[in-house]
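Observations on the three-dimensional arrangement
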Amino acid sequence: MNKAIEDIQKESLEEIDNAKDLKELDSITVKYTGKKGFITSFSKNLSNLPSEERPAAGKKVNEVRTAFESALAEKIVSIKREIEEADTGIDVSLPGVRPAQGALHPVTIITREICSIFSSMGFNIAEGPEVETDYYNFEALNFPHNHPAREMQDTYYVSENILLRTHTSPMQARVMEKEKPPLKYIVPGKVYRCDSDITHTPMFHQVEGLMVDENISFGDLKGVLTSFIHQIFDEDTSLRFRPSFFPFTEPSAEVDIRCVICRGKGCRVCSQTGWLEILGSGMVHPGVFEYAGYDTEVITGFAFGMGVERIAMLKYGIDDIRKYYENDIRFLGQF
Amino acid sequence: MKVSLNWLKEYAPINKDITELSDSLTMAGLEIETVESRFEYLNEVIVAKVNSAKKHPDADKLSVCEVDTGEKVIQVVCGAPNVRDGLTVALALPGTILPTTEGKPLKKGKIRGEKSEGMICSAIELQIGVDADGIIELDTNLTIGDTLLKALSLEDYTLEIGLTPNRPDCLGLIGVAREIAAMENTSVKFPEVKDLAASGDINEHVSVTIEDPELCPRYTAALILDAKVADSPFWLQDRLLSVGLTPINNIVDITNFVMMETGQPLHAFDLDHLEESRIVVKRANEGDKFTTLDDKERTLSSETLMICDGKKPVAVGGVMGGQNSEIGDNTTKVLLESAYFSPTSIRKTAKKLNLGTDATHRFERGVDPEGTLFALKRAAALIAELTGGKLVSGVIDENPIKHKRTELNLSMMQTNRALGLKLSIEEIKKHLESVEFEVSIKDEDTLFVIAPGFRVDVSRPVDLMEEVARLEGYDKIPVTHPVAPSVSALPPKVTFYRDKIKDMLLGLGMTEAINYSFIGDNNADLLMLPENDDRRKMLGILNPLTEDQGVMRTSVIPGLLQNMKHNNANQNKTLKLFEFGNIFISNGQNQQPTETEMLAGVITGGTKDPVWYQKEDSVSFYDAKGIVEELLERLKIENVTYTSLSVDECLYTRKGYSAKIISGNKEIGLIGKVKTEVKENFDLKQDAFIFELSYENLLSAVPESLNTYPLPIYPSVTRDITMIVEKDVEAGDILKEFKGFKEKLFESVRVSDLYEGDNIEEGYKSLSFRLTYRSENTTLKDKKVNKIHTNMSKRIIEKFNAKLP
Ligand SMILES: [Zn+2]
C-alpha cells in the first residue's frame, strides 16, 4: 500500500511537471484530487487499513496531497507567467468606454463666471420676475411716461401696465424698496426686447449690479468694474469709461474694452472703432433713491448691467447670437 | 444725428484731425458711431483730357471721344452738348460707384455700337455742383491722371452721432460745435443774421392766436413777400447732402438747413392758402380728418395740437404740415413758423399718428425755448436773400408762458464726494461756464448756477455733477476700491441648488438647453391639454415679432420637443437635453402672471452614442426615470414614490408609460413617454421620453441638513425570492410593502429580475427580489436569517396573491 502511494506521488509530480497548459492541469487535478481521484480514493480507503497502519498511512497521504497541491500551485503560477509573456495585448487604439457627460449652456457658464467674480467681492445674488409692471421696469427707475428715453429699449407689452422686463434693473427698485443700505446685489436673469438680427435676440440674459452705501463714489464704480473686467477677460484688457445716459443713473457711463478681435486696430466687430461696448453703468440717480425713500444727502451708490450673450460672444468668438437658442448639440457640445 | 466736419467748422475752430475729433466727442458723451469720408468716390474719378470729340455715326446727340487718362488714350461716348476737343474733364472709370448711380458700379459697354470705356461726368453727377446741363469743365492747369479728390482738394467727413435722449441741444450743429468749442477753450461762433431792408408791418398781413398755451407756450412768425421758389444754390444743397438730407426747393431747404444748424424745426406756409390770413393754435376735435404733406389722411384726437387758419387746420403742430398750405412752385408769400411745443404733447401725437419726423424727434426731446426767435430770423433772412423776396418788417412773437431758467445750488464737497475727485470750486465753475452755464460763487462750498435754455436736461444738482465729470473727463477720475467685507457672499438656496442640479445632470449625460420664453399659442393644442388645464391660461404679448412668439410659455416641453426635431433633422438622433426655466400662468392681461420655475428634460435615441463593443440600444422609460431617481437620491430627497398616471392624468404622455413623482405627500413632477399624437403634432419621428419637475416643489423636498450613518461593522447576508404575480401588480407596491416591514435585521431590498414569456402563464410575470439582512452587533447566522426571510416572503406572497415558481 505504501508503495502505491509513493508511485502516485512520483507520477503525479511528473505529470504536473510535464503539463503544458492550465487545461491539462485541470485534468491532472481531477485525476488525483477529484472526487474519484487517486489521492482522494487513497484517503477514503484509510479506514480499511488495520488500525496500527492508519496513522503512518494517513500521515503519508497528507504529505503526498500537500506536495501535489504545492507543485500544482507552482506550476499554475509558471504557466500563467508564460501565458502573460506570450500575450501580445489588446488594440489600445480602439476607443475607450466613456460614461456620457453633458454640457452646460454657454450662457450659464458665463453667468456663473460673472456671479462668482462678484460674489467674491461680497455681492449677494437676487432674482426677480420676468413679467414686470411698468412701475418697476420704468417709473421707479426714473423713466417718465411719454419720454423718449423709453424708446431706448424696444419693449414687449402685455397690457398698458404689464410688460416683459427690458432689463434686470427692476430688481434695483424691488431690493431698495425692501432693504436699507448698505446693499450689494447682483441680479442675473432673462430680459426681453423686440428686436431680432445677427446681434440681437428677442430674449437675452443680463447681470445687473447694485452697490449702495454712504460715500460710494464714481471712483469706486470704476474700481469695481475695472477689477471685474480684468478677471472676466484678462489683466491686460484696457478699458475706458465714457459718458452716456440712462434715466436711472447719473452720471452714467458706458464701459468699453479694447476690441478683443482686432486688439484696437479696428474691425467689423467693433465697427472700426477699436472699442467694444461691454456694460452700462452709473451712479444711482437720486430720483431712484427717492422712490425707495432713502436720504439722498447721505446715501450714494452705483449700478451696472451687462449682456451675458455679448460677453460669451467675445470670449468664445461666436458670430451669430441666434445660435444660442437653437439648442443644436453640435453647438452646445463645444462648451 | 449726422453732422459734417466742414459745416461744423462754420461755428467752431477745429484743429484736431478727424480721428482725434471723433474720439474726443465720444469721450464727451457724444458717441461717434461712424465716420464716413464724403468724397471717397472721387478717388475713382480722374482728371482727363478730351483729345478729340467726333459725332457718333448713329446718334446725333452723342459724341465719340478720344480721352487721355494720363496713362493711355481710351474711347468714351458722351452725350453732353459742351464736349469738345481740348477740354479738361472729370472721367469716371469702370467700377466707380457714384452717389447718383444708386450703388451700381459703372461698366464698360457699347453705346449704339461704339465702345465706351468710361463716363465723362457733370457736376451734379459728382455732387460737386448743381449744373446738370453739361459736363464739368475743369481748369486746364490740373494734372491729367490725378484723382479728382486730390485735384480739387475736396475733403469732408460725415459723422453719425448716437445721441442719447438727454442731449437735444446737440440735435443742431451749433450744439455740437459748442461741445467742440468747450474742448478748445473757445466759444461757439453764431451765424450772422443779415440785416436786410424790410418794409411794411407783419401785423397788417397776418395774426396769430394761441388758444392752448400749455401745449404751445410760444409761437413766432415772419413773412416774406414776392419770393420765387426755385432750386437752392449749390452751397445750400451741399450742406444738406453732407448730413444726408435731400434738397427740394430753396424755401424747404432753408427751413431744413436752419433746423440742422440750430436744432429748431421750422415750418413754411403759403400765406395765400391761409383763410382769413390768420393762425390759430388749438386742439383738434376728436375724430377730425386731416391730410398731411405725405399724402396720408390722419384721424385726429382732442389731444392733438393743430395749427389752423381762420377756417380749417393747416398743420399738425410740431409734427407735419398739411397738403392744403404746402409751399408750391407758385408760392410767393411765405409765412414762416418757429414755435415751442410741449414735448409730451408732441410725443403723444407722434405715437398716436405713428408719425415720427425730424421735427417731432426734436420737439419731443425738447428744443431750446429761448432759441425760437433766433432760428426764425435766421431763416427769414435767408429766404429773403435766396428767393429774391421782400422781408416784411417785424415778427409775431406770441409767448403766453415764458421759459424760466433752471437755477441750482451746487455743493463742491458733494460733487467731489460723488465723483471721487478733488476739484476746487474754481475748477468746477470753469467747467460749467465752458458750456454756457451762468455760475457765481455763493460761499466757499456753494455755487449758484443758472442753466442755459438749451440744456433742458438739467434740473437737479446731480445733472451738474455729471457735466463736471464729463468735462473733467471720466478718465481723470481715479480708480478707488470700496471697503470690501472680509467674507464673500453665499448664493441663495434657489441659485445654489439650481447650479448643483445642473452639474449633476451634466454628469448624467444631459446637455443644457435654453429656449425662448415665448411660444405660439397653438402649443396648448399641440400638447393636447384639456380645456380646463391651467396651462391654457396663456399671457399674450401685444407686439410679438412673430406669431410663434406670441404668448408666454406655460410649459417647457414644447421648446424641448422643437429642439429634438431640430437636432434629429441635423442627424443627431441621440439626444439628452434639459432646461431650467420659468413658465407663466396668466392671471389676466392686466396683472403679473404666476411665474413657476420648471426643470424638464427630453431623452431620445440610443442609450449612448454607438460604440464598437456594444450593439446600439434605444432609450426607454427607465432611462428617463433613472436620471430622475439618481438626481433625487443625490439631493437626499427621501420617501420618493413613482406611481402610474391614470388614463385621465396622461395628457401628452402615453398611458401605461407615465408616472408621477411624489415625495412625502407632495407631487414633484412626472416622467413619461411622449404620446404618439403629440409626437406627430411636433413632427417627431423617434420615441421621446420626458421628465418635468416643479423646481419649487423639488427644492422644498430637499432636506435642510444631511444625515450620515456610521459604516456597518458586520457583514451582510443576502437572500433572493422569486415569485409569479399577475401582470398588473406593480413592483413598486411590492417594494413598498417590503420596506414597510418593521424588521430590525432587514436592511434593504431591490428588484433583481423581471421575466415574462416562455414558461410563465399568460397574464403573469416573474419578479425576483434580493433582500439584504444585517445586524449592528453580530455576524448573522444563516438559521436566523432564513427564519426572517421565510416569514417576510410568506407575508408578501399572501398580500400579492403570488405563486412560487
Ligand atoms: Zn475690432
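All of these numbers come straight from a predicted model, not from anything done at the bench. (Residues numbered from 1 in each chain as written. Chains lettered and ligands numbered in written order. Predicted model: local features only at pLDDT ≥ 70, side-chain atom pairs only at ≥ 80, totals over all residues. Heavy atoms only, no water.)

Some words on the overall build of chain B
Helices and strands together make up the secondary structure of chain B, namely 21 helices and 38 strands. Relative to its length of 805 residues, chain B is extended, with a C-alpha radius of gyration of 41 Å against a globular reference of 28 Å. Structurally, chain B occupies a C-alpha span of about 130 × 85 × 60 Å along its principal axes. Residues counted as buried form 52% of the 805 residues belonging to chain B. Taking as baseline every contact in chain B between residues at least 6 positions apart, the subset at least 24 positions apart corresponds to 69%. Charge separation in chain B, taken as the distance between the mean sites of 96 positive and 125 negative side-chain charges, equals 8 Å. (Helix = DSSP H or I, 4+ residues; strand = E, 2+ residues; numbered from the N terminus. Rg over C-alpha atoms; globule rule 2.2 N^0.38 Å. Buried < 20%, exposed > 50% of the residue type's maximum accessible area, 1.4 Å probe, protein only. Contact = heavy atoms within 4.5 Å. Lys, Arg positive; Asp, Glu negative; His and termini not counted. Charge placed at Lys NZ, Arg CZ, Asp CG, Glu CD.)

A word on the overall build of chain A
Broken down by element type, chain A carries eleven helices and nine strands. For chain A, the C-alpha radius of gyration of 41 Å lies well beyond 20 Å, the compact-globule estimate for 335 residues. Once the C-alpha set of chain A is aligned to its principal axes, its extents read approximately 120 × 45 × 40 Å. Taking all 335 residues of chain A together, the buried fraction comes to 55%. Put simply, 66% of the contacts in chain A that link residues at least 6 apart link residues at least 24 apart. Looking at chain A as shown, the accessible area adds up to about 15200 Å², and 50% of this sits on carbon and sulfur atoms. (Areas by Shrake-Rupley, 256 points an atom, 1.4 Å probe, with all protein chains shown as cover.)

Comments concerning the interface of chain B and chain A
On the chain A side, the residues contacting the 88 residues of chain B number 89 residues. Where chain B abuts chain A, roughly 7400 Å² becomes buried across the two surfaces, and 56% of that area is made up of carbon and sulfur atoms. Sorting the residues of chain B by area buried against chain A places Arg417, Tyr474 and Ile514 of chain B first, and these three jointly supply 10% of that buried surface. In terms of residue count, the dominant contributor to the side of chain B that touches chain A is helix H14 (residues 493-507) of chain B (eight residues). A breakdown of the residues in the side of chain B that touches chain A according to their chemical character gives 39 nonpolar, 31 polar and 18 charged. (Buried area = accessible area lost by both parts, 1.4 Å probe. Nonpolar A, V, L, I, M, F, W, Y, C, P; charged D, E, K, R; others polar.)

Topic: the coordination of the zinc ion
Residues and elements named next belong to chain A. Note on the zinc ion: its protein donors are Cys259 (SG), Cys262 (SG), Cys267 (SG) and Cys270 (SG). The metal-donor distances range over 2.2 to 2.3 Å. Note that the zinc ion binds four donor atoms; their angles at the metal cover 101 to 114 degrees, and the shape is tetrahedral. Of note, the zinc ion draws all its donor residues from one chain, in the sequence arrangement C-x2-C-x4-C-x2-C. Here the two residues Cys262 and Cys270 agree in accessibility, since each one is buried. (Donors = N, O, S within 2.8 Å, 3.2 Å for Na, K, Ca; no water. Tetrahedral: all angles 85-135°; square planar, octahedral: opposite > 155°, others 65-115°.)

Digging into the domain arrangement of chain A
Domains assigned within chain A are domain 1 (2-88) and domain 2 (106-332). Taken over C-alpha atoms, the centre of domain 1 of chain A sits 85 Å from the centre of domain 2 of chain A. (Domains from an automatic or database assignment.)

Considering the domain arrangement of chain B
Accessible area lost on assembly of the parts is the figure often given for the size of an interface. You can read the domains of chain B as domain 1 (2-38 + 156-183), domain 2 (40-151), domain 3 (198-398), domain 4 (407-471), domain 5 (493-701) and domain 6 (717-799). Taking only C-alpha atoms, the centre of domain 3 of chain B and the centre of domain 6 of chain B are 94 Å apart.

Overview of empty space enclosed by the protein
Considering all chains together, one arrives at three cavities of 30 Å³ or more under this definition. Taken as a whole, the largest cavity encloses approximately 80 Å³ of empty space. The wall of the largest cavity is formed by Pro243 and Ser244 of chain A together with Ala28, Gly29, Thr164, Asn166, Arg167, Arg455, Glu466, Glu467 and Arg470 of chain B. For the lining of the largest cavity, the secondary-structure elements that each account for two or more residues are strand S6 (239-246) of chain A together with helix H13 (461-472) of chain B. At three residues, the largest contribution of residues to the lining of the largest cavity is made by H13 of chain B. Split by domain, the lining of the largest cavity shows at least three residues from each of two domains, domain 1 (2-38 + 156-183) and domain 4 (407-471) of chain B. Of the voids in this model, the second largest cavity is the one considered here, and its volume is about 50 Å³. What lines the second largest cavity is simply Tyr135, Tyr136, Ala140, Ala173, Met176, Glu177, Val288, Tyr291 and Ala292 of chain A. Contributing elements (two or more residues each) for the lining of the second largest cavity: helix H6 (134-137), helix H7 (170-178) and helix H9 (286-292) of chain A. (1 Å grid on protein atoms, 1.4 Å probe; cavity = no way out; pocket = protein on both sides within 12 Å on 5 of 7 lines; lining within 4 Å. Points joined across faces, edges and corners; volume = space filled by probe spheres on them.)

Quick notes on the sheet that holds strand S18 (residues 305-308) of chain B
All names here are of chain B. Strand order in the open sheet formed by five strands is S12-S15-S18-S19-S20, and the pairing between neighbours is mixed. Two strands lie at the open edges of the sheet, namely strand S12 (207-210) and strand S20 (320-321), each paired on one side alone. Of the strand pairs in this sheet, strand S19 (residues 313-316) and S20 are connected by two bridges, and their pairing is antiparallel. Looking across to S20, one finds that Ala315 is bridged to Gly321. (Pairing = 2+ DSSP bridges.)

A few points about helix H8 (residues 343-353) of chain B
Owing to its 3.6 residues per turn, the α-helix brings residues three or four apart onto one side. All names here are of chain B. When H8 is considered as a whole, its buried residues turn out to be Ser345, Ile346, Arg347, Thr349, Ala350 and Leu353. Here the buried face of H8 lies against strand S17 (297-299), S19 and helix H9 (358-365). Taken from the residues just after H8, Asn354 is the one with a positive phi, measuring 50 degrees.

What about the packing of helix H12 (residues 425-434) of chain B against H13 of chain B?
Residues and elements named next belong to chain B. Put simply, H12 and H13 touch, their axes get as near as 9 Å, and they point 90 degrees apart. Between H12 and H13, the interaxial angle falls into the category roughly perpendicular. Contacts between H12 and H13 pair Ile428, His431, Leu432 and Ser434 from the former with Leu464, Glu467, Val468, Leu471 and Glu472 from the latter. Each residue belonging to the contact of H12 with H13 can be placed in one class, and the counts come to five nonpolar, two polar and two charged. (Axes fitted to C-alpha atoms, helices over the stretch in contact; angles between N-to-C directions. Parallel < 35°, antiparallel > 145°, perpendicular 65-115°, else oblique.)

Some thoughts on the sheet that holds strand S25 (residues 438-441) of chain B
Residue and element names in this part refer to chain B. If you walk across this open sheet you meet the three strands as S24-S26-S25, and the pairing is antiparallel. Of all strands in the sheet, those with a lone pairing partner are strand S24 (407-411) and S25, marking the two edges. Here the strands of the sheet are splayed against their neighbours by 25 degrees on average, with no regard to which way each runs. Of the strand pairs in this sheet, S25 and strand S26 (residues 446-450) are connected by four bridges, and their pairing is antiparallel.

Some words on unusual backbone geometry
Geometrically, the link from Pro181 of chain A to Pro182 of chain A is a cis peptide bond, its omega value of 5 degrees lying close to zero. Within the secondary structure, Pro182 of chain A is located in the loop between H7 and strand S4 (183-192). Notably, Asn354 of chain B is not glycine yet its phi reads approximately 50 degrees, a positive angle. In this fold, Asn354 of chain B is placed in the loop between H8 and H9. Since its relative accessible area comes to 69%, Asn354 of chain B is described here as exposed. Non-glycine residue Glu436 of chain B carries a positive phi angle of around 75 degrees. As for its placement among the helices and strands, Glu436 of chain B is situated in the loop between H12 and S25. Judged by relative accessible area, Glu436 of chain B falls into the partly exposed class, the value being 32%.

Looking at the nonpolar core
Ile114, Phe118 and Phe228 of chain A are the most contacted members of the largest nonpolar core, which totals 114 residues. Counting residues per element, this core draws most heavily on helix H8 (residues 218-232) of chain A, at seven residues. Ranked by size, the runner-up nonpolar core spans 53 residues in total, among them Leu30, Ile224, Leu236 and Met260 of chain B. (Core = buried A, V, L, I, M, F, W, Y, C linked by side-chain atoms within 4.5 Å.)

Describing the confidence of the model for chain B
Mean pLDDT over chain B works out to 92, with 99% of the residues at or above the 70 mark. Across the assembled chains, the prediction reports ipTM 0.86 with pTM 0.86. (pLDDT = per-residue confidence, 0-100.)

Some details on H8 of chain A
Residue and element names in this part refer to chain A. Taking 1.5 Å of rise per residue, 15 residues should cover 21 Å, and H8 covers 21 Å from first to last C-alpha, within 8% of that figure. The buried count for H8 comes to 14 of 15 residues, which makes it a mostly enclosed element. At the N-terminal boundary of H8, the capping side chain belongs to Ser217, with an oxygen 3.1 Å from the backbone nitrogen of Gly219. (Expected span 1.5 Å × (residues − 1). Polar contact = N/O pair within 3.5 Å; in protein donor to acceptor, adjacent residues only side chain to side chain.)

Brief notes about the side chain of Glu130 of chain A
Looking at the element boundaries, Glu130 of chain A is found in the loop between strand S1 (124-125) and strand S2 (131-133). Within the buried set, Glu130 of chain A has no salt-bridge partner at all; the shortest N-O distance to an opposite charge, 4.7 Å, is to Arg165 of chain A. A polar contact is formed between the side chain of Glu130 of chain A and the side chain of Tyr192 of chain A, at a distance of 2.5 Å. In contact with Glu130 of chain A, other than residues within four places in its own chain, are Leu163, Leu164, Arg165, Lys190 and Tyr192 of chain A together with Ser517, Asn582, Phe584 and Glu595 of chain B. (Salt bridge = Lys/Arg side-chain N within 4 Å of Asp/Glu carboxyl O.)

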